[in-house]
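What the coordinates show
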Amino acid sequence: MIYTFGPFELDSARYELRRSGSLVHVQPRVFDLLHFLVARGGALISRSDLLEHVWGGTTVTKDAIAQAVSAVRTALDDAREQPEYLETIRGRGYRFCAAVTVVDEAPRSHSVRAPIGELAPRPSPARSALDVGARTNSPERRTAAIVAHLRAAIALLGTLEQPAAESATVLQALLEARDDVA
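Residues numbered from 1 in each chain as written. Predicted model: local features only at pLDDT ≥ 70, side-chain atom pairs only at ≥ 80, totals over all residues. Heavy atoms only, no water.

What follows concerns helix H3 (residues 62-76). Its 15 residues place the ends of H3 21 Å apart at the C-alpha level, agreeing with the 21 Å of an ideal helix rising 1.5 Å per residue. Buried within H3 are the following residues: Ile65, Ala68, Val69, Val72, Arg73, Ala75 and Leu76. With its buried residues spanning 165° around the axis, H3 presents them on a single face. In H3, the exposed positions that point more than 90 degrees away from the buried face belong to Asp63, Gln67 and Thr74. Positive phi appears at Asp77, one or two residues downstream of H3, with a value of about 55°. (Helix = DSSP H or I, 4+ residues; strand = E, 2+ residues; numbered from the N terminus. Expected span 1.5 Å × (residues − 1). Buried < 20%, exposed > 50% of the residue type's maximum accessible area, 1.4 Å probe, protein only. Arc of directions from axis to C-beta.)

The next point concerns the pairing of strand S6 (residues 86-89). Note: S6 against strand S7 (residues 93-96), four bridges, orientation antiparallel. Bridged to Glu87 within S7 is Arg95. Here S6 hands over to S7 after three residues, with Gly91 in that stretch at a positive phi of 75°. (Pairing = 2+ DSSP bridges.)

A few words on the sheet that holds S7. Strand order in this open sheet of three strands is S5-S7-S6, and the pairing throughout is antiparallel. Taken across any chain shown, the strands that pair with only one partner, and hence form the sheet edges, are strand S5 (44-45) and S6. Against the sheet, helix H1 (residues 28-39) makes contact with S5, S6 and S7, and its axis sits at roughly 70° relative to S7, the strand it touches most. H3 rests against S6 and S7 of the sheet, and its axis sits at about 150° to S6. (Contact = heavy atoms within 4.5 Å. Axes fitted to C-alpha atoms, helices over the stretch in contact; angles between N-to-C directions.)

Our next topic: the sheet that holds strand S8 (residues 101-103). Read from one edge to the other, the open sheet built from five strands follows the order S4-S3-S2-S1-S8, with strand pairing classed as antiparallel. Across the chains shown, the open sheet's two edge strands, defined by having one partner strand only, are strand S4 (22-24) and S8. Strand-to-strand, the axes of this sheet are offset by a mean angle of 30°, without reference to chain direction. Pairing geometry for strand S1 (residues 2-5) and strand S2 (residues 8-11), over four bridges, is antiparallel. Paired with Thr4 across the strands is Glu9, a residue of S2. Relative to the sheet, H3 contacts S1, S2, strand S3 (16-19) and S4, its axis offset from that of S3 by approximately 40°.

What follows is the structure, given as structure tokens:
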């Protein structure tokens, strides 16, 4: 899922935040916090909700939440006093206050037809989602990792001009990798 707001684009499948097309580096927990808030745009989110859904019930101090919120504001170049994106509701929680547009999936890049041996290795969005899923036992993350993996498999199979037997071998390898995640 891709969320756009202002000059920002948050791609939950690729685990990326971009501002005007340029990658904005954020720590994984900061990304998780931003994603949680953006996905619930306009809703008031309490600290207990953040602890449960972003920190997975792990015991953390109020300072840890405040630091993560501050890091989100820094990444978005947002001011606490006059927030454009993240509003603090004193004693209640936080609200993502910018208008958010949801895009179902990332735009597809052009496909290149080449035999398997000629495909150059490149970073895979599914790989980053799998890495994220491996760091937690969250069912949502595991599901997101599997979906990203299957999307990558479908995209890969669509670019190949291979006999069915070779395509089946590639698909079998991807399914085995999926089983490692699940």
